[in-house]
Amino acid sequence: MRVNERYSTLPAADRSVHITNICAIEDIGYLPSEGTLLNSLSVDPDTECRYGLYFRDGKRKVDCVLVYHHKRASGSRSLARRVQHGDAGPAARSVRQDQPLPGKAGPVGAGEPEPPLDCHEDDKRFRRQEYEGNLMEAGLELERDEDTKIHGVGFVKIHAPWNVLCREAEFLKLKMPTKKLYHINETRGLLKKINSVLQKITDPIQPKVAEHRPQTTKRLSYPFSREKQHLFDLSDKDSFFDSKTRSTIVYEILKRTTCTKAKYSMGQGEGRKKDSALLSKRRKCGKYGITSLLANGVYSAAYPLHDGDYEGENVEFNDRKLLYEEWASYGVFYKYQPIDLVRKYFGEKIGLYFAWLGVYTQMLIPASIVGIIVFLYGWATVDENIPSMEMCDQRHNITMCPLCDKTCSYWKMSSACATARASHLFDNPATVFFSVFMALWAATFMEHWKRKQMRLNYRWDLTGFEEEEDHPRAEYEARVLEKSLRKDSRNKEKRRHLPEEPTNKWRQRVKTAMAGVKLTDKVKLTWKDRFPAYFTNLVSIIFMIAVTFAIVLGVIIYRISTAAALAMNSSPSVRSNIRVTVTATAVIINLVVIILLDEVYGCIARWLTKIEVPKTEKSFEERLIFKAFLLKFVNSYTPIFYVAFFKGRFVGRPGDYVYIFRSFRMEECAPGGCLMELCIQLSIIMLGKQLIQNNLFEIGIPKMKKFIRSLRLKHQSPSDRDQYVKKKQRYQVDYTLEPFAGLTPEYMEMIIQFGFVTLFVASFPLAPLFALLNNIIEIRLDAKKFITELRRPVAVRAKDIGIWYNILRGVGKLAVIINAFVISFTSDFIPRLVYLYMYSENGTMHGFVNHTLSSFNVSDFQNGTAPNDPLDLGYEVQICRYKDYREPPWSEHKYDISKDFWAVLAARLAFVIVFQNLVMFMSDFVDWVIPDIPKDISQQMHKEKVLMVELFMREEQGKQQLLDAWMEKDRKKAEPFNNHSPARPAPPDSPDFPGGAL
């Protein structure tokens, strides 16, 4: 049975309940406490309610807040005239009825009619009244506050009493610590000494938080049960359930509690009949929980409160302030995160995100060190690289063919000396090693995270936790309701054309009894209902991908046309830096387009997911993540894929070039290859996204909003400013914060970065270093956002990071394939090996550059494509060179592909196959060698099971001994009575009977 079906929250008049033992029911907590809905007529802060953290009595803590907008009608309408719910006491009903609110003309008359409200607003008010009444029937206690400093906004504070917390904790199967303490198995011998040394070394970078200290003991946890309350330490009931758990319980009740009534119809005539049928269906469905009420605008927000302020001189110490000082401050960037305190304050789901981000950042440290070593190796060996030395040697006097038609002239290969030397920094033998290392690093990172996740599950008592089916979304319920109405109308039309059957009273009774059955259990959305949405999704995604490709094509045309325009410049310095200028400007254009399209694609992905109408929030989130990741992946990596695998591959040859739209000649790679350009493309896009999209937006936008609020405050008068600062309660301050929008943007940002680090790492070994520097800032930036800029999210239990883990594994597998192709096709690593072992005369790389260049006779240029200034170099050119493996012009099959091309291609394909399979095997071997569950954790989990069995065995033995003692006591009490009673004659078979048993 699902949680929301375990007990109903319908009004008592709609139920048929036979109470057999009212005392027993009250003992187990099913009877709701006497809930009261109080109207707060003043928001003056006082020490009793701790500025809104408690009810006005200063005793009951505010566990959650509902916010709604209301329109106050003109005239004397006081707060006390609001309709009261439940059986509130007389004092609560007559709260200051004789005094008007400030600014009113006079006291409220008893018989004055209330001014008319808008029907929609009154309908919302009616639904709120019923919903809040049902909340009190579920046992919650409410207090309303409408006279606030925020005009037109009302607040309903919610408190869950002890019996409700116990009941819901049992329903949710929350594991709570028992009185039983046990010692955690500690390492011994050499490992113990190593751990003690590491603890002393890392002590300065540990946060000063009690929860982060290593513990030698742990309390045995067990799912809470009201029948076994003696197992738990209930000496302090106020702190037994922390604020995170209390808000989770209250929000679960808010989702489950329903509101079924509405006061007004939406239209007249036929529309009114349809609306009446709709309301009837809603009453049968009973599906108007907090998600539906939020979606329909009945309430505008529902959130738990922060623990208090995080800065100030006289601020009372709380977890929020501690997190701000030890986690959200940039001054503690070098310290570990207090993950246990983060989980205690925000819940397991957010705690797992920051734990994953911390593990990912730590794993980037060795990757960054190896990347720096690879880069330094290229820097140290650049002067020993023979191919770049040959390209820079002026004595070779190699004349290259023009890079464009007409406007471009012949050029010397030595002019590309700087590009060739720079490409060696990233295109050297160490790059292959680094690609293999990063593939194994990705596999090790995934295994390390799984082990860390299991440790957190054990520490946070999530072992054995299984997510239950979530509540249906409001949009899904509305679609199901609409479908059921259409189905009923079709059935009615069919019945009109059928002959009437004699009435059957028994059938009518059955139908009446079945009227309360939920329609959502009968009617569901099938693939036929969703087919238009699926088709729209497919067409839209294909269109968005086509838009991305079209933009990349536009940038290609820009590069070609700009290169041709710059070639006509009279300045030699401009013409010598054409490649760098075109590449840099094109990458900046790509960066701006990527940032803009990321925002657009995020909105489109959400819209496409909404029209699919997923049933649960989990299904909605997974579908949204998949679409957003697909679109943003294509958007971010398409320009990089073009440079890596397509640029320079389909250019043709001099005299027979390939043209786009018959006018733009395809661009070529530099003589040193496209790897250097790929490095520039990757570095600018990666760093630009991190600096602009991730950090600047996340820092700048909140700062701007805060600056605007401060400006508004300065324009107020001093008295108003003091009132604004002093009189705002905690729930009002939190309402002005940004609502929590989920973890999808945070994960997406890091997954895209993970792709930059792993997919093309062969072309940019410094990518892990820049990712590490970004993440050090990102952790504190996200922490500060959660602490200072966002409302406190409702804590959600989770034992893993969900679909993101599968995406990470997919990106890791794809990285192996992409790096294999980058090394073999984009870099010159394979052509160098082929030349070294097949064509080199002396076993060195001398002559490699000349081997990779083909010859072209300038007399074979097509009409209109030859350079306008053939004497630009000062001499007449007869033969020019271009990078390709083709036959020379004096050959019988001139300009055909040579045998060298096929030899190099075969070597490249062989390398891809060998590299891919070898690295995949090594990655799988790492997965197999490293166990998912650490050995000490599996031992501790086994120990917990044994201790739990022993605890229950001792409890049963104690009960049995107590029962035996009671029976013995009763027997002893009965013995004197038996001794004083008259003796009975012995039975015939007794030894006392004469002639009886011998």
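Residues numbered from 1 in each chain as written. Predicted model: local features only at pLDDT ≥ 70, side-chain atom pairs only at ≥ 80, totals over all residues. Heavy atoms only, no water.

### Focus: the overall build of the chain
Link 1 in the chain: Each helix and strand in the chain was counted, giving 32 helices and 15 strands.
Link 2 in the chain: For the chain, the proportion of its 998 residues judged to be buried stands at 47%.
Link 3 in the chain: In the chain, once contacts between residues fewer than 6 apart in sequence are set aside, the share between residues at least 24 apart is 81%.
Link 4 in the chain: Summing over all exposed atoms, the chain offers an accessible surface of approximately 51,700 Å²; the carbon and sulfur share of this is 59%. (Helix = DSSP H or I, 4+ residues; strand = E, 2+ residues; numbered from the N terminus. Buried < 20%, exposed > 50% of the residue type's maximum accessible area, 1.4 Å probe, protein only. Contact = heavy atoms within 4.5 Å. Areas by Shrake-Rupley, 256 points an atom, 1.4 Å probe, with all protein chains shown as cover.)

### Some words on the packing of aromatic side chains
Link 1 in the chain: With the rule as written, the count across this model stands at 55 aromatic pairs.
Link 2 in the chain: Looking at Lys218, its charged tip hangs above the ring of Tyr458, at a distance of 5.0 Å from the centre.
Link 3 in the chain: Over the face of the ring belonging to Tyr345 we find Arg792, whose NZ or CZ atom lies 3.9 Å from the ring centre. (Phe/Tyr/Trp six-rings, centres within 6.5 Å; stacked < 30°, edge-to-face > 60°. Lys NZ or Arg CZ within 6 Å of the ring centre and 35° of its normal.)

### As for helix H27 (residues 767-789)
Link 1 in the chain: End to end, H27 covers 30 Å across 23 residues, agreeing with the expected 33 Å (1.5 Å per residue, within 8%).
Link 2 in the chain: Of all 23 residues making up H27, 17 are buried, and the element is well covered by its neighbours. (Expected span 1.5 Å × (residues − 1).)

### Observations regarding helix H12 (residues 348-380)
Link 1 in the chain: The terminal C-alpha atoms of H12 lie 48 Å apart, and with 33 residues this matches the ideal 48 Å at 1.5 Å per residue to within 8%.
Link 2 in the chain: Residue Ile365 marks the point of greatest curvature in H12, where the axis turns by about 25°; the proline Pro366 follows within four residues. (Bend = angle between axes of the 7 residues up to and from the residue.)

### Re the environment of Ile398
Link 1 in the chain: Tracing the backbone shows Ile398 in the loop between helix H13 (386-392) and strand E8 (399-400).
Link 2 in the chain: For the pair Ile398 and Cys880, spaced 482 residues apart in sequence, the C-alpha to C-alpha distance is 8.0 Å.
Link 3 in the chain: Those residues in contact with Ile398 that sit more than four places away from it in its chain are Trp411, Lys412, Met413, Leu853 and Arg881.

### Things to note about a nonpolar patch on the surface
Link 1 in the chain: On the surface, Leu190, Leu191, Ile194, Val197, Leu198 and Ile201 cluster together into a nonpolar patch covering about 590 Å² of accessible area.
Link 2 in the chain: Owing to a relative accessible area of 56%, Ile201 belongs among the exposed residues under this scheme. (Patch = residues over 30% accessible without salt bridge, like charges linked within 9 Å, V, L, I, M, F, W, Y side chains within 5 Å. Salt bridge = Lys/Arg side-chain N within 4 Å of Asp/Glu carboxyl O.)

### A short note on the environment of Arg730
Link 1 in the chain: Counting through the fold element by element, Arg730 comes out in helix H25 (residues 730-735).
Link 2 in the chain: A sequence separation of 424 residues divides Arg730 from His306, and the C-alpha atoms of the two residues are 7.7 Å apart.
Link 3 in the chain: Leave out the neighbours within four places in its chain, and Arg730 touches Tyr51, Gly52, Leu53, Leu305, His306, Gly308, Asp309 and Arg320.

### Some words on the state of the cysteines
Link 1 in the chain: Within this structure, the stated rule accounts for three disulfides.
Link 2 in the chain: Shown here is the disulfide that connects Cys401 with Cys880, its sulfur atoms set 1.9 Å apart. Classification of the bridge connecting Cys401 and Cys880 rests on its S-S torsion, roughly 85°, and on that basis the disulfide is right-handed. Within this pair, whereas Cys401 is found in the loop between E8 and strand E9 (411-412), its partner Cys880 is found in strand E15 (residues 879-883), the two being separated by 479 residues in sequence. (Disulfide = S-S within 2.5 Å.)

### Quick look at the side chain of Thr399
Link 1 in the chain: Structurally, Thr399 is set in strand E8.
Link 2 in the chain: At a separation of 2.9 Å, a polar atom in the side chain of Thr399 contacts the side chain of Tyr875.
Link 3 in the chain: Discounting residues that sit within four places of it in the chain, Thr399 has contacts with Tyr410, Trp411, Lys412, Leu873, Tyr875, Val877, Cys880 and Arg881. (Polar contact = N/O pair within 3.5 Å; in protein donor to acceptor, adjacent residues only side chain to side chain.)

### Let's talk about the pattern of salt bridges
Link 1 in the chain: For the coordinates displayed, the defined rule picks out 43 salt bridges.
Link 2 in the chain: One salt-bridge network, held together by shared partners, links Arg559, Lys647, Glu667 and Glu677.

### Some words on the confidence of the model for the chain
Link 1 in the chain: Here the chain averages 78 in pLDDT, while 79% of its residues score no lower than 70.
Link 2 in the chain: Across the chain, H12 holds the top mean pLDDT of 94, while helix H2 (residues 90-93) sits lowest at 35.
Link 3 in the chain: Note that residues 263-286 has pLDDT below 50 and, in this model, 37 contacts with residues that lie over four places away or in other chains.
Link 4 in the chain: Contacts from residues 991-998, a stretch scored under 50 in pLDDT, to residues over four places away or in other chains number nine contacts. (pLDDT = per-residue confidence, 0-100.)

### Description of unusual backbone geometry
Negative phi is the rule for most residues except glycine; trans is the rule for most peptide bonds.
Link 1 in the chain: The phi torsion at Lys173 lies on the positive side, around 55°, for a residue other than glycine.
Link 2 in the chain: Secondary-structure assignment places Lys173 in the loop between helix H4 (162-171) and strand E5 (175-183).
Link 3 in the chain: With a phi close to 70°, Tyr895 is a non-glycine residue in the positive phi region.
Link 4 in the chain: For Tyr895, the position within the fold is in the loop between E15 and helix H31 (899-929).

### Some remarks on the packing of helix H26 (residues 744-758) against H27
Link 1 in the chain: Two elements in contact, H26 and H27, have axes separated by 11 Å at closest approach and are oriented at 170°. With respect to H27, the axis of H26 lies roughly antiparallel. Together, Glu746, Glu749, Met750, Gln753, Phe756 and Val757 of H26 and Ala767, Pro768, Ala771, Asn774, Asn775, Glu778, Asp782 and Lys785 of H27 make up the contact between the two elements.
Link 2 in the chain: Among the residues forming the contact of H26 with H27, the class breakdown is six nonpolar, three polar and five charged. (Axes fitted to C-alpha atoms, helices over the stretch in contact; angles between N-to-C directions. Parallel < 35°, antiparallel > 145°, perpendicular 65-115°, else oblique. Nonpolar A, V, L, I, M, F, W, Y, C, P; charged D, E, K, R; others polar.)

### Things to note about the nonpolar core
Link 1 in the chain: In terms of nonpolar packing, the biggest core is built from 125 residues, with Phe346, Trp356, Tyr360, Trp441, Phe760 and Ile801 touching the most fellow members.
Link 2 in the chain: Here Tyr360 is in contact with Trp441, Phe445, Met750, Gln753, Phe754, Val757 and Asn775, once residues within four sequence places are set aside.
Link 3 in the chain: Judged by nonpolar contacts, the second largest core, of 44 residues, contains Ala160, Leu231, Val298 and Ile937. (Core = buried A, V, L, I, M, F, W, Y, C linked by side-chain atoms within 4.5 Å.)

### Details of the packing of helix H15 (residues 429-459) against H31
Packed helices, taken two at a time, are described by the angle their axes make and the gap between the axes.
Link 1 in the chain: At a minimum axis separation of 9 Å, H15 and H31 run at an interaxial angle of 30°. Judged by the angle between their axes, H15 and H31 are roughly parallel. Pair H15 / H31 crosses with right-handed handedness. Contacts from Val432, Ser435, Val436, Ala439, Leu440, Ala443, Thr444 and Glu447 of H15 reach H31 at Phe911, Phe915, Val919, Met922, Ser923, Val926 and Asp927. (Left-handed = near helix turned anticlockwise from the far one by under 90°.)

### Looking at the environment of Leu66
Link 1 in the chain: Looking at where Leu66 falls in the secondary structure, it is placed in strand E2 (residues 64-69).
Link 2 in the chain: In this structure, the C-alpha to C-alpha distance between Leu66 and Leu142, residues 76 residues apart in sequence, is 10.0 Å.
Link 3 in the chain: Not counting chain neighbours up to four residues away, the residues in contact with Leu66 comprise Tyr131, Leu135, Gly154, Phe155, Val156, Ile158, Leu254, Ile290, Tyr299, Ala301 and Ala302.

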